[in-house]
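# Report on the structure
So you can see what is in the structure, the chains are spelled out below.
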Number of protein chains: 4
Amino acid sequence: MARAAHERAFSPPQQPQSPDISDALSARLFATRGLSLELAAPLSAEDMAAQAMEDASPTKWHLAHVTWFFETFVLKPHLPGYRLFDEAFNFCFNSYYEAMGARQPRPARGLLTRPSAARVMDYRAHVDEALERLAERGFETGSDLARLIEIGINHEQQHQELLLSDILALFAVNPLRPAYREGRARTSLSAVGEPSETCGSAAAGWISYDGGLVKIGHAGNGYAWDNESPRHDALVRPFRLADRLVTNGEWLDFMGDGGYRTASVWLADGWAKVNAAGWRAPRYWEEHGNGWHMMTLDGLLPLETAAPVCHVSYYEADAFARWAGFRLPTEFEWELAGATLPVEGNTLGTRALRPVPAGARGEASPRQMFGDVWEWTQSAYLPYPGYRPPEGAIGEYNGKFMVSQQVLRGASCATPDGHSRATYRNFFYPHQRWQFAGVRLAAEVS
Amino acid sequence: MARAAHERAFSPPQQPQSPDISDALSARLFATRGLSLELAAPLSAEDMAAQAMEDASPTKWHLAHVTWFFETFVLKPHLPGYRLFDEAFNFCFNSYYEAMGARQPRPARGLLTRPSAARVMDYRAHVDEALERLAERGFETGSDLARLIEIGINHEQQHQELLLSDILALFAVNPLRPAYREGRARTSLSAVGEPSETCGSAAAGWISYDGGLVKIGHAGNGYAWDNESPRHDALVRPFRLADRLVTNGEWLDFMGDGGYRTASVWLADGWAKVNAAGWRAPRYWEEHGNGWHMMTLDGLLPLETAAPVCHVSYYEADAFARWAGFRLPTEFEWELAGATLPVEGNTLGTRALRPVPAGARGEASPRQMFGDVWEWTQSAYLPYPGYRPPEGAIGEYNGKFMVSQQVLRGASCATPDGHSRATYRNFFYPHQRWQFAGVRLAAEVS
Amino acid sequence: MARAAHERAFSPPQQPQSPDISDALSARLFATRGLSLELAAPLSAEDMAAQAMEDASPTKWHLAHVTWFFETFVLKPHLPGYRLFDEAFNFCFNSYYEAMGARQPRPARGLLTRPSAARVMDYRAHVDEALERLAERGFETGSDLARLIEIGINHEQQHQELLLSDILALFAVNPLRPAYREGRARTSLSAVGEPSETCGSAAAGWISYDGGLVKIGHAGNGYAWDNESPRHDALVRPFRLADRLVTNGEWLDFMGDGGYRTASVWLADGWAKVNAAGWRAPRYWEEHGNGWHMMTLDGLLPLETAAPVCHVSYYEADAFARWAGFRLPTEFEWELAGATLPVEGNTLGTRALRPVPAGARGEASPRQMFGDVWEWTQSAYLPYPGYRPPEGAIGEYNGKFMVSQQVLRGASCATPDGHSRATYRNFFYPHQRWQFAGVRLAAEVS
Amino acid sequence: MARAAHERAFSPPQQPQSPDISDALSARLFATRGLSLELAAPLSAEDMAAQAMEDASPTKWHLAHVTWFFETFVLKPHLPGYRLFDEAFNFCFNSYYEAMGARQPRPARGLLTRPSAARVMDYRAHVDEALERLAERGFETGSDLARLIEIGINHEQQHQELLLSDILALFAVNPLRPAYREGRARTSLSAVGEPSETCGSAAAGWISYDGGLVKIGHAGNGYAWDNESPRHDALVRPFRLADRLVTNGEWLDFMGDGGYRTASVWLADGWAKVNAAGWRAPRYWEEHGNGWHMMTLDGLLPLETAAPVCHVSYYEADAFARWAGFRLPTEFEWELAGATLPVEGNTLGTRALRPVPAGARGEASPRQMFGDVWEWTQSAYLPYPGYRPPEGAIGEYNGKFMVSQQVLRGASCATPDGHSRATYRNFFYPHQRWQFAGVRLAAEVS
């Protein structure tokens with residue numbers, strides 16, 4: 001889902017307009033490949049093989065699938081003499097590319113105890129070694145090959161975020177509630193940069209925007225997914241945006257006010273889901289004798305009231321907003337606000353691995369826009385005017401999901417650094433909760 | 001779903017701006033009430049009690065539910081001394097108004113053999129008699145009461161269309177394939193007004209539109225649903241619209257070209273549905289030894305190639321458009337085109353009860369815009385900027401469905417006359433096929 | 001399900017060994033045909049068309065199916081020149097006879113609003129008229145035709161019981177809780193013959209039996225189903241049988257003692273079902289402010305503590321017996337006890353239409369053996385040694401259900417008179433509760 | 001499921017009546033514990049963690065559960081000062097003992113990536129060490145402790161068979177079709193002892209039995225499960241039994257004759273299942289270009305026509321028998337025949353790990369009775385007369401499954417040696433196919 005761009009790490013010095021871009025691209029390629037291994041390092045082979053639920057995939061599958069992507073779309077067509085690691089892997093690790101043939105059914109990915117994690121690591125090494133050979137020749141800026149490498153990097157970054165979401169989903173149903181990461185002091189985290197625990201619980205402020213006829217979509221420099229194009233004019237009415245995310249403490253107020261039992265604040269589909277699934281709190285919240293806790297990648301922790309609420313569905317985000325007397329932003333409003341801000345925040349690079357309270361309020365700009373949690377918008381995930389998916393199997397992606405899903409904007413604490421930008425469009429079904437997704441409120445100008 | 005407005009039947013002479021509007025409103029009220037009985041007349045009590053599937057409702061339920069609506073929202077609060085017909089009916093015939101209490105579960109509506117159809121008819125007579133008493137006092141223009149009467153009329157009109165869709169669904173699974181309407185010559189129908197059978201099979205033409213900053217939404221005179229407001233500016237790029245609907249003959253081409261077996265033209269959700277449900281043609285199409293037939297309200301008829309395709313899902317509409325090299329229109333494009341046209345076509349008033357071939361091509365304006373079939377758009381069903389649902393139970397409607405559905409525009413052969421306008425927003429889930437829904441193509445300006 | 005025998009109505013005077021048996025057989029044939037109409041008389045066409053659940057069938061379907069049976073197996077082969085009423089009925093009203101071709105899917109029987117109830121009545125009249133012509137020639141004793149007539153009678157009797165069970169299931173989910181039969185004083189009923197309300201609540205007595213090598217199965221005089229044969233020796237150990245059925249009062253004790261929440265008394269499958277379905281009382285029991293009630297064919301009545309418990313599954317019957325420190329009888333024990341008793345009790349003929357308290361205890365013989373409720377046994381429904389199903393479509397019945405079901409013995413308040421005998425084997429799945437089924441306890445000899 | 005007995009390994013010399021039985025019991029205890037490790041040895045930690053389907057369990061779970069059994073029922077009550085390995089394991093590795101508290105839901109056993117396989121091995125070592133301390137004091141014959149040790153051994157043996165069945169189910173859905181055991185020559189296997197490949201394909205012979213009043217059930221010396229008691233008289237009619245199992249070749253004949261498409265040979269439930277699940281061959285059969293193959297613990301092998309058919313459901317076994325003009329034996333017939341035979345055959349000890357062709361026909365006794373495949377009988381799994389489950393949690397087993405299942409007799413190629421006897425009652429649901437289960441025909445005496 002999430003996919004990315006001309007990020008901080010890829011700022012002007014590393015992105016010269018010379019034809020010799022290949023070094024930076026190579027560096028990013030292998031840094032990305034390495035990060036996947038780092039993320040998998042705390043996990044056992046068993047952890048890597050299990051599939052928490054149909055929406056999720058095993059770590060091993062993620063590691064192999066992104067590798068299969070490089071093998072299939074980069075090495076096979078572009079590295080003469082490349083030897084396929086294993087013919088059978090096309091069946092095992094294709095995800096949904098219909099054009100690339102039959103594949104392991106998604107709900108049965110957790111049954112792939114073979115190939116082993118060790119063999120998947122061999123697969124990665126085999127492919128990395130071939131990528132290194134390819135890189136030695138350099139990637140010419142603007143070439144098809146450079147474009148494919150870039151796609152492969154961004155694709156792997158998306159799966160890095162999913163890997164973390166999926167591991168959390170797995171450990172959250174384990175009766176031992178294991179921590180993905182051990183040895184981390186289980187204390188409250190405060191905002192990156194400017195710790196200020198009390199700030200988070202202060203009332204949110206509002207930033208006003210004039211709107212108007214604005215440019216939406218990716219401008220063309222740096223990487224972007226196809227669904228961020230074409231850049232086009234859009235009309236945005238004046239609006240206000242909360243200057244921080246909705247917090248766990250505010251969510252407790254919603255719950256305390258009977259939010260999960262009040263039909264009138266819910267969409268009809270949401271109300272049906274609440275009742276069918278028995279939702280009464282965000283996913284991963286657990287009430288114990290000593291209060292509410294939340295399952296995190298550091299294990300089960302007491303709920304931090306000042307931290308942003310996370311792991312809520314669109315239905316819940318929308319109901320909360322209605323209960324609070326506000327609404328969710330549209331994706332255009334969000335992009336307009338985000339376009340002027342530095343792309344920085346609590347993303348994977350901070351290694352917080354969970355959303356943290358907002359830092360001190362500064363000037364009139366919203367906090368927590370890039371990082372902490374993806375932000376549900378009231379915009380359905382649809383093509384931009386004039387959108388055309390790329391040709392071929394590689395284009396078999398963003399376009400085919402353009403129905404019944406909602407757009408999320410920003411980035412989360414599990415989003416790899418360099419994989420965020422104001423035009424980025426993430427998308428999930430309105431009932432899904434296992435992602436690091438939360439809520440920012442919007443309102444009309446009063 | 002479908003709901004309606006200041007329509008032809010409700011044109012200036014019947015809608016003076018004087019305070020004495022009540023006569024016209026009364027006339028429309030009782031005409032509408034009478035039409036429901038006319039539509040039910042060919043059906044037996046057994047037919048009226050059965051529920052074809054969970055999406056559908058029994059005729060009897062429709063007849064009683066719209067009556068319950070008048071009783072609950074009009075008579076109880078506005079007719080002093082009104083005696084409830086039967087306390088138990090609130091449970092039986094409430095649909096989804098959470099604010100109005102518990103109700104019969106939707107999937108079990110077909111088990112309501114009691115109250116009987118005869119008693120439901122008594123219920124209607126009881127309520128109509130009370131409405132007549134109320135009407136004697138006159139409905140003051142602009143009053144709350146006039147507004148409620150108007151809502152009740154439009155609400156009943158929506159159910160009239162559903163009644164026909166649901167009866168077709170019921171008869172289509174009956175091994176006898178009964179005709180809703182007997183004695184009608186089962187010959188091909190041509191376009192209303194100007195019969196011209198050959199025209200329908202001629203290639204569609206294209207109408208170009210400049211777009212620009214246009215007004216979208218209801219202007220405020222005449223009836224409209226809340227979801228058509230607020231009227232607001234929208235930016236529409238230049239586009240082209242097909243001057244007629246996609247035909248059955250063109251759909252046969254799609255099928256013949258393997259359309260239902262070609263993953264690349266489908267949305268991912270659509271492809272999953274095609275395979276899970278085994279779709280290989282529109283709903284109600286049946287292949288017999290002597291070719292394709294289609295189940296209609298006149299029974300099983302040979303497929304008319306020149307008639308518009310009907311009973312297709314959004315998934316199919318979208319796949320067809322992609323296969324054909326075009327796309328579906330947005331709802332704004334549709335509205336822009338429709339706003340300049342007379343609201344007329346093959347709606348319920350023609351009593352064709354199925355879509356008919358397009359008439360002769362005239363000037364540069366699209367044909368079949370209001371009538372024949374609802375037209376799937378690529379727009380998700382979302383609130384307009386600044387939308388607020390009305391307060392109270394009566395507002396518990398359009399707003400709560402604003403997720404995961406697609407907008408359809410126009411009207412169908414089952415839409416009551418006077419229930420159409422260019423701003424009308426109908427909506428269904430992308431997999432639903434039992435409505436009279438079809439396809440009009442759009443394209444960028446080349 | 002239930003099927004029938006050498007019953008009271010078919011006792012020696014009516015069953016001479018002369019070749020001229022045809023009069024009695026004719027009389028029984030038309031009495032049975034008439035009884036079906038009588039049972040359907042209180043129902044509207046709507047009531048007759050609805051299917052309460054997948055296990056049940058619409059009244060109209062029962063009425064037509066038994067008629068189809070006579071048409072297919074009796075009239076077509078045996079009445080020269082017989083004209084089929086309607087070719088399509090073979091599809092509509094075949095139940096499961098694979099040999100007789102395709103048929104309406106069982107779960108969609110409630111969608112058969114056509115043919116109408118009126119037309120089904122015409123069908124019955126058409127077939128009855130033909131049966132009368134056939135009867136005029138007389139049915140020769142022992143002939144194939146007489147055998148088929150006998151099967152048809154017994155088959156229709158089975159469906160008469162199902163008709164009542166299915167109507168009760170339908171009315172029990174109707175929010176109006178309609179009474180099948182109006183105008184009946186809703187007072188407690190006492191035992192047929194000897195009213196004695198207090199007796200029912202007295203402790204049950206025990207009858208001891210020596211067991212030994214006993215004859216089991218039908219002896220060959222009078223009608224019996226194939227599954228009652230061959231008659232064979234069986235070894236039965238000494239046992240005791242309760243002299244009356246378990247009562248509602250005793251069931252309240254079980255519930256009060258946490259019976260539905262105590263895993264240790266349940267079979268594993270039963271415990272899973274209790275939790276999945278949320279069972280906490282017998283089907284049709286409802287707790288209201290003023291105590292427990294029970295839905296019956298006379299509508300919702302206060303629970304009679306002295307009446308036999310009814311509408312319980314095998315799982316519940318077995319759990320109750322274990323909780324009480326006893327067990328269910330085997331079908332052989334039951335037959336041994338029943339073989340010596342007159343076949344009489346609270347069956348359909350009494351028109352009580354629900355189980356009634358046991359009469360006064362008499363000599364050392366069990367009460368309520370034939371009537372009130374079918375009695376679950378701990379015997380699985382399996383073939384007797386040497387069992388062979390009859391050849392042809394007509395034999396496609398009892399044999400094909402011989403797996404996963406339990407045998408019930410006796411008869412119920414909905415069993416037609418003349419359709420009971422000690423060797424009769426009824427059978428249902430262990431989770432089914434909509435039949436008139438209850439519990440008699442058994443024990444080892446202490 | 002499978003459970004065990006006074007087997008060869010436990011014959012008189014090893015079973016003196018002296019009070020000093022403990023040595024033999026200890027030896028068997030640790031041999032059994034060791035065999036589990038041997039069976040798991042070829043598997044990776046990933047293999048051990050996955051759950052092929054809801055009916056199956058992960059290897060790791062089996063290894064831990066049987067260990068939990070010893071810890072809970074033997075060590076906690078009988079070894080003073082025993083330290084629980086991990087409190088949380090009671091939740092993780094309890095199976096269904098309601099009396100022992102809450103537990104991991106069965107369908108989610110495959111999500112237990114923690115505790116790791118390594119930690120489960122530590123658990124085993126911890127418990128084994130404690131068992132050794134306990135064993136040093138000796139197990140007094142006839143003591144409660146000796147009885148519990150015996151149960152624990154037999155319980156672990158059952159899970160050894162399940163471990164193999166479940167691993168086969170897992171590897172059969174892996175696209176790589178891995179072999180559980182590598183390096184084994186993939187040649188045809190012939191009967192244990194007397195190789196004779198042609199014999200297997202010769203027509204089966206028939207052995208006749210007189211029947212009569214026979215003793216059924218366990219006689220009391222050696223171990224047996226509660227469900228084999230009480231030993232009691234049963235009446236068995238004269239019958240014949242096939243002298244070998246039905247072969248794959250014969251099953252191909254059944255398939256070739258349209259067996260899976262012929263409704264008349266199937267039980268109604270079986271026919272529904274065949275159609276719903278799309279069965280057209282036994283589980284694990286695959287048709288490839290070069291003919292039928294079968295997935296085995298040695299990987300995918302060409303089908304051996306002379307080997308016994310395996311992995312068929314009761315429905316299929318019953319349908320085959322009817323198609324062939326015979327029937328399945330009752331469990332009493334089987335026991336009568338088996339009681340006179342030596343308990344030997346192709347069980348786990350041969351390490352064939354799949355059924356093999358019958359050896360040469362010898363004297364008039366059936367071959368392949370103990371080993372190769374469990375044999376479906378036409379007997380439902382029910383209590384013997386006078387059966388009472390043991391008190392307490394330990395008795396929460398065989399009795400609670402006595403509904404809706406069928407008895408299988410004999411033993412399979414995956415049954416541990418020493419875990420078979422003529423009175424052994426295995427049981428499964430009639431649709432289950434993943435066990436090593438096959439067919440032996442029976443018939444009346446002609």
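Residues numbered from 1 in each chain as written. Chains lettered and ligands numbered in written order. Predicted model: local features only at pLDDT ≥ 70, side-chain atom pairs only at ≥ 80, totals over all residues.

With an unreviewed UniProt entry as reference, chain A is termed Ergothioneine biosynthesis protein EgtB, source organism Hyphomicrobium nitrativorans NL23. In its Pathway (unreviewed entry) section, the UniProt record describing chain A reads: "Amino-acid biosynthesis; ergothioneine biosynthesis." (UniProt positions renumbered as here; feature names shortened; annotations may be inferred.)

So, on to the overall build of chain A. Along the backbone of chain A there are 11 helices and 12 strands. Viewed in the frame of its principal axes, chain A has a C-alpha envelope of about 65 × 50 × 40 Å. Across the 446 residues in chain A, those meeting the buried criterion constitute 54%. The contacts in chain A between residues at least 6 apart in sequence include a share of 81% that link residues at least 24 apart. (Helix = DSSP H or I, 4+ residues; strand = E, 2+ residues; numbered from the N terminus. Buried ≥ 20, exposed ≤ 12 C-beta atoms within 10 Å, placed from the backbone. Contact = placed C-beta atoms within 7 Å.)

A few words now on the domain arrangement of chain A. All names here are of chain A. Looking at chain A, the domain boundaries give domain 1 (8-172) and domain 2 (197-444). Relative to domain 2, the C-alpha centre of domain 1 lies at a distance of 27 Å. Counting from both sides, the interface comprises 22 residues of domain 1 and, opposite them, 21 residues of domain 2. Per-element accounting of the side of domain 1 that touches domain 2 gives the leading share, 11 residues, to helix α6 (residues 144-172). Here the side of domain 1 that touches domain 2 is built from residues that sort into 13 nonpolar, 4 polar and 5 charged. (Domains from an automatic or database assignment. Nonpolar A, V, L, I, M, F, W, Y, C, P; charged D, E, K, R; others polar.)

Here we come to the confidence of the model for chain A. All names here are of chain A. Overall, the predicted model of chain A reaches an average pLDDT of 90, with 91% of residues at or above 70. Low pLDDT, under 50, characterises residues 1-18; the predicted model gives this stretch 49 contacts beyond four residues in sequence or across chains. Below pLDDT 50 for its whole length, residues 191-200 participates in 30 contacts with residues either more than four positions away or in separate chains. Scored as a whole, the predicted complex attains pTM 0.93, and scored at its interfaces, ipTM 0.92. (pLDDT = per-residue confidence, 0-100.)

Moving on: the relation of the copies chain A and chain D. When chain A is fitted onto chain D, the two copies agree to an RMSD of 0.0 Å after a turn of 180° and an axial shift of 0.1 Å. Taken together, the rotation angle and the small translation identify this as a two-fold axis. Within chain A, A:Glu46 has its C-alpha nearest the rotation axis, a separation of 2.4 Å. Interface overlap between copies is the fraction of interface residues in one copy that are interface residues in the other; for chain A against chain D it reaches 100%, indicating a shared surface. (Least-squares fit on C-alpha atoms with pLDDT ≥ 70 in both.)

Taken together, the contact pairs 24 residues of chain A with 24 residues of chain B. Contributions of two or more residues to the side of chain A that touches chain B are made by β3 (232-236), α9 (268-277) and β8 (374-380) of chain A.

At the junction of the two partners, chain A supplies 25 residues and chain D supplies 26 residues. Counting residues per element, the ones that place at least two in the side of chain A that touches chain D are α2 (45-49) and α4 (89-93) of chain A. At 4 residues, the largest contribution of residues to the side of chain A that touches chain D is made by α2(A). Here the side of chain A that touches chain D is composed, by residue class, of 16 nonpolar, 6 polar and 3 charged.

Bringing the packing of helix α3 (residues 59-78) of chain B against helix α6 (residues 144-172) of chain B into the picture now. Residues and elements named next belong to chain B. Contact geometry for α3 and α6: axes closest at 9 Å, N-to-C directions at 175°. Taken together, α3 and α6 sit at an angle that is classed as roughly antiparallel. Of the residues in α6, those in contact with Thr59, His62, His65, Val66, Phe69, Phe70, Phe73, Val74 and His78 of α3 are Leu145, Leu148, Ile149, Gly152, His155, Glu156, His159, Leu162, Leu163 and Ile167. Partitioning the contact of α3 with α6 into residue classes produces 11 nonpolar, 7 polar and 1 charged. (Axes fitted to C-alpha atoms, helices over the stretch in contact; angles between N-to-C directions. Parallel < 35°, antiparallel > 145°, perpendicular 65-115°, else oblique.)

This paragraph deals with helix α9 (residues 268-277) of chain D. For an α-helix, 3.6 residues make a turn, and residues three or four places apart therefore share a direction. Residues and elements named next belong to chain D. For α9, the full list of buried residues reads Gly270, Trp271 and Val274. For α9, the buried positions fall inside an angular range of 100° around the axis, keeping them on one side. Exposed side chains of α9 directed beyond 90 degrees from the buried face belong to Ala276 and Ala277. Looking at the residues trailing α9, positive phi occurs at Gly278, about 70°. (Arc of directions from axis to C-beta.)

Turning our attention to the sheet that holds strand β4 (residues 239-242) of chain B. Residues and elements named next belong to chain B. Read from one edge of the open sheet, 3 strands run β1-β4-β12, paired in antiparallel fashion. Strands at the two margins of the open sheet, each flanked by one partner only, are β1 (206-209) and β12 (442-444). Here the strands of the sheet are splayed against their neighbours by 25° on average, with no regard to which way each runs. Sheet topology note: the β1/β4 ladder contains 4 bridges and is antiparallel. Within the sheet, the bridge partner assigned to Ile207 lies in β4 and is Leu241. (Pairing = 2+ DSSP bridges.)

Attention now moves to the nonpolar core. One finds A:Ala64, A:Val439, B:Ala64, B:Val439, C:Val439, D:Ala64 and D:Val439 to be the most contacted residues of the largest nonpolar core, which totals 448 residues. Among residues more than four places away in sequence, those in contact with A:Val439 are A:Leu245, A:Val246, A:Val309, A:Val312, A:Ala317, A:Phe320, A:Ala321, A:Glu375 and A:Trp376. (Core = buried A, V, L, I, M, F, W, Y, C linked by C-beta atoms within 7 Å.)

We now examine the UniProt feature "domain: DinB-like" (unreviewed entry) in chain A. Within the UniProt annotation, "domain: DinB-like" (unreviewed entry) is assigned to residues 31-162 of chain A. As a span, residues 31-162 of chain A carries 60% helix and 0% strand, and end to end its C-alpha atoms are 18 Å apart.

On to the arrangement of the chains, then. At their nearest point, the C-alpha atoms of chain A and chain C are still 14 Å apart, with no contact between the two. These two, chain B and chain D, are apart from each other, with no contact and a minimum C-alpha gap of 14 Å.

Here the focus is the sheet that holds strand β11 (residues 437-438) of chain D. All names here are of chain D. Within the open sheet, the 4 strands sit side by side as β10-β9-β8-β11. Their pairing is mixed. Every other strand in the sheet has two partners, leaving β10 (426-428) and β11 as the edge strands with one partner each. Two strands pair when backbone bridges link them, and strand β8 (residues 374-380) and β11 are joined in this way by 2 bridges, in the parallel orientation. Bridge pairing in β11 places Glu375 opposite Gly438. Along the sheet, helix α11 (residues 331-338) contacts β8 and β9 (406-410); its crossing angle with β9, the most-contacted strand, is approximately 10°.

Take the environment of D:Phe85 next. All names here are of chain D. Along the chain, the position of Phe85 falls in the loop between α3 (59-78) and α4 (89-93). Looking at Phe85, the number of C-beta atoms within 10 Å reads 22, which means it is buried. When the C-alpha atoms of Phe85 and Asp122 are compared, they prove to be 9.0 Å apart, with 37 residues separating the residues in sequence.

Turning our attention to unusual backbone geometry. With an omega of -5°, the peptide bond between C:Arg114 and C:Pro115 qualifies as cis. Relative to the assigned elements, C:Pro115 resides in the loop between α4 (89-93) and α5 (117-136). The peptide bond linking D:Ser229 to D:Pro230 adopts the cis configuration, its omega dihedral lying at -10°. Tracing the backbone shows D:Pro230 in the loop between β2 (212-216) and β3 (232-236).

Attention now goes to the environment of A:Ser365. All names here are of chain A. Looking at the secondary structure, you find Ser365 in the loop between α11 (331-338) and β8. Residues Ser365 and Ser313 lie 52 residues apart in sequence; the distance between their C-alpha atoms is 26 Å. Those residues in contact with Ser365 that lie beyond four places of it in its chain are Ile207 and Leu341.

Residue and element names in this part refer to chain A. In terms of burial, β8 is a largely internal element, 7 of the 7 residues being buried. Neither face of β8 is exposed, since Trp374, Trp376, Gln378 and Ala380 on one face and Glu375, Thr377 and Ser379 on the opposite face are all buried. The sheet contact formed by β8 and strand β9 (residues 406-410) spans 4 bridges and is antiparallel. Residue pairing in the sheet places Trp376 in a bridge with Leu408 of β9.

All names here are of chain A. One can describe the packing of helix α3 (residues 59-78) onto helix α5 (residues 117-136) by two numbers: an axis separation of 10 Å at closest approach and a directional angle of 30°. Taken together, the axes of α3 and α5 lie roughly parallel to each other. Where α3 crosses over α5, the two elements pack in a sense that is left-handed. Along the contact surface, α3 presents Lys60, Leu63, Ala64, Thr67, Phe70, Glu71, Leu75 and His78, while α5 presents Ala117, Val120, Tyr123, Arg124, Val127, Ala130, Leu131 and Leu134. Considering only residue class, the contact of α3 with α5 consists of 11 nonpolar, 2 polar and 3 charged. (Left-handed = near helix turned anticlockwise from the far one by under 90°.)

Mapped onto the fold, A:Asn290 is located in the loop between β5 (285-288) and β6 (291-296). For the pair A:Asn290 and A:Phe427, spaced 137 residues apart in sequence, the C-alpha to C-alpha distance is 36 Å.

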